[in-house]
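Residue-level structural notes
These are the residues of each chain, in order.
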Amino acid sequence: MANNARRTFVGKPSPAGGILYAPVGTPLPTDEEMELNAAFVALGYQHKDGFKIKPERSTATQTAWGTDMVDESQESFAVTATFIMIETLGVDANKIAFGAANVSHTPATSTSGLKVASRLTADDLDHNSWVVRGKSNKKTARWVIPDGKPVAVDEIAWSDSELEGYSITLSCSPDENGVYVYRYTCDGVTTL
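As the structure is a prediction and not an experimental result, all values here were calculated from the model. Once a new chain begins, its residue numbering starts again from 1 and follows that chain's sequence as written. Whole-chain, interface and lining totals are the exception, using all residues; otherwise, since this is a predicted model, local features are given only for residues with pLDDT of at least 70 and side-chain atom pairs are given and counted only at 80 or more. Hydrogen atoms and water are omitted, and side-chain values are computed over all heavy atoms in the structure.

**A short note on the overall build of the protein**
Only runs of H or I of at least four residues qualify as helices and only runs of E of at least two qualify as strands under DSSP, and these elements are numbered from the N terminus. In terms of regular secondary structure, the protein is built from 1 helix and 10 strands. Traced from its N-terminal end to its C-terminal end, the protein shows the element sequence β-β-β-β-α-β-β-β-β-β-β. If you line up the protein on its principal axes, its C-alpha atoms span 75 × 55 × 40 Å. Throughout this description, buried means an accessible area under 20% of the type-specific maximum (1.4 Å probe, protein chains only), exposed means over 50%, and partly exposed covers the range between. When each of the 192 residues of the protein is scored for burial, the buried share is 32%. Residue contacts follow a heavy-atom distance rule, with two residues in contact if any of their heavy atoms lie within 4.5 Å. At a minimum sequence separation of 6, the contacts of the protein that also span at least 24 residues come to 60%. Taken as a whole, the protein presents about 12500 Å² of accessible surface, with 52% of it coming from carbon and sulfur. Under the convention used here, a 1.4 Å probe and the Shrake-Rupley method define accessible areas, while residue burial counts only the protein chains that appear.

In structure tokens, the structure reads:
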């Protein structure tokens, strides 16, 4: 197959929201442009480092008597995803970072802005389904994670030079088909 620059992609977030989440069990999209179920909520702005998916396979070398390598067998497989939420004064970013049960809020009024109260506890964080949408001109791409749970929220820092952010690592669990993550793309090139 010849080189084709139209099949490259710059992962910019969709203008309608780059990273969205919904309760596990919410109907998931099955292509790159299918309308999302209304339960999906956009998390707002993310750090400029974007969104990253990391598949990890560990293997073991199997040797025969005399030390000849005869097989390389897979011992484990895991998928993690990372991103940094920078809308830290919003309700949903706090629900992801602290757990929905540990976040309450008071809507804005004519005399006060949105108030969010979060509690940092040892409680497990919530499992959710995730959709990450990207667009680059006519090209579109989407990651769909049926079940992802935050397993790490990195250091939260305040400084003069950086936005506050919640750096999240999701651990992805397989669905009933054994799939950890789905990826859907369209290069945007139509035929005549």
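**Re the environment of Lys-48**
As for its position among the elements, Lys-48 is in the loop between strand E2 (41–42) and strand E3 (52–63). Residues Lys-48 and Lys-12, 36 residues apart in the sequence, show an inter-C-alpha distance of 9.7 Å.

**A few points about helix H1 (residues 91–98)**
Burial of H1 is extensive: 6 of the 8 residues sit out of reach of the surface. Restricting attention to buried positions, one finds in H1 the residues Val-91, Ala-93, Asn-94, Ile-96, Ala-97 and Phe-98. Positive phi shows up at Gly-99, right after H1, with a value of about 95 degrees.

**Thoughts on the pairing of strand E1 (residues 19–23)**
With 4 of its 5 residues buried, E1 lies for the most part within the structure. Sheet topology note: the E1/strand E7 (residues 128–136) ladder contains 5 bridges and is antiparallel. The residue bridging Tyr-21 from the neighbouring strand is Trp-130, located in E7. As paired elements, E1 and E2 share 2 bridges and run antiparallel to each other. In the strand pairing of E2, Tyr-21 is matched with Val-41. Strand pairing is assigned whenever DSSP identifies at least 2 bridges connecting the two strands.

**Some points on the packing of aromatic side chains**
For Phe, Tyr and Trp, rings pair up if their centres lie within 6.5 Å, where Trp contributes its six-membered ring, and each pair is then called stacked (planes under 30 degrees apart), edge-to-face (over 60) or tilted (otherwise). Counted by the stated rule, this structure contains 6 aromatic pairs. Aromatic pair Phe-83 and Trp-130: ring centres 5.7 Å apart, planes at 55 degrees, arrangement tilted. Of this pair, Phe-83 sits in strand E4 (residues 69–85) while Trp-130 sits in strand E7; the two residues are 47 residues apart in sequence, bridging distant segments of the chain. Note on accessibility: Phe-83 and Trp-130 belong to one class, buried. Among the aromatic residues, those joined into a cluster by ring pairs are Tyr-21, Phe-51, Phe-83 and Trp-130. Directly above the ring of Trp-143 sits Arg-183, whose terminal nitrogen or CZ lies 4.7 Å from the centroid. Think of it as a cone above the ring: NZ of Lys or CZ of Arg counts as a charge over the ring if it is within 6 Å of the ring centre and within 35 degrees of the ring normal.

**Overview of the environment of Asp-126**
Tracing the backbone through its elements, the reader meets Asp-126 in the loop between strand E6 (115–118) and E7. Along the backbone, Asp-126 and Pro-150 are 24 residues apart, and their C-alpha atoms lie at a distance of 7.1 Å. Apart from the residues lying within four places of it in its own chain, the contact partners of Asp-126 are Lys-95, Gly-99, Ala-100, Gly-148, Lys-149 and Pro-150. The definition of a polar contact used here is a pair of N or O atoms within 3.5 Å, where within protein one atom must be able to donate a hydrogen and the other to accept one, and adjacent residues in sequence count solely through side-chain atom pairs. Within the structure, the side chain of Asp-126 is placed 2.7 Å from the backbone nitrogen of Ala-100, a separation counted as a polar contact.

Such coordinate-based values are descriptive only and should not be taken to indicate function.
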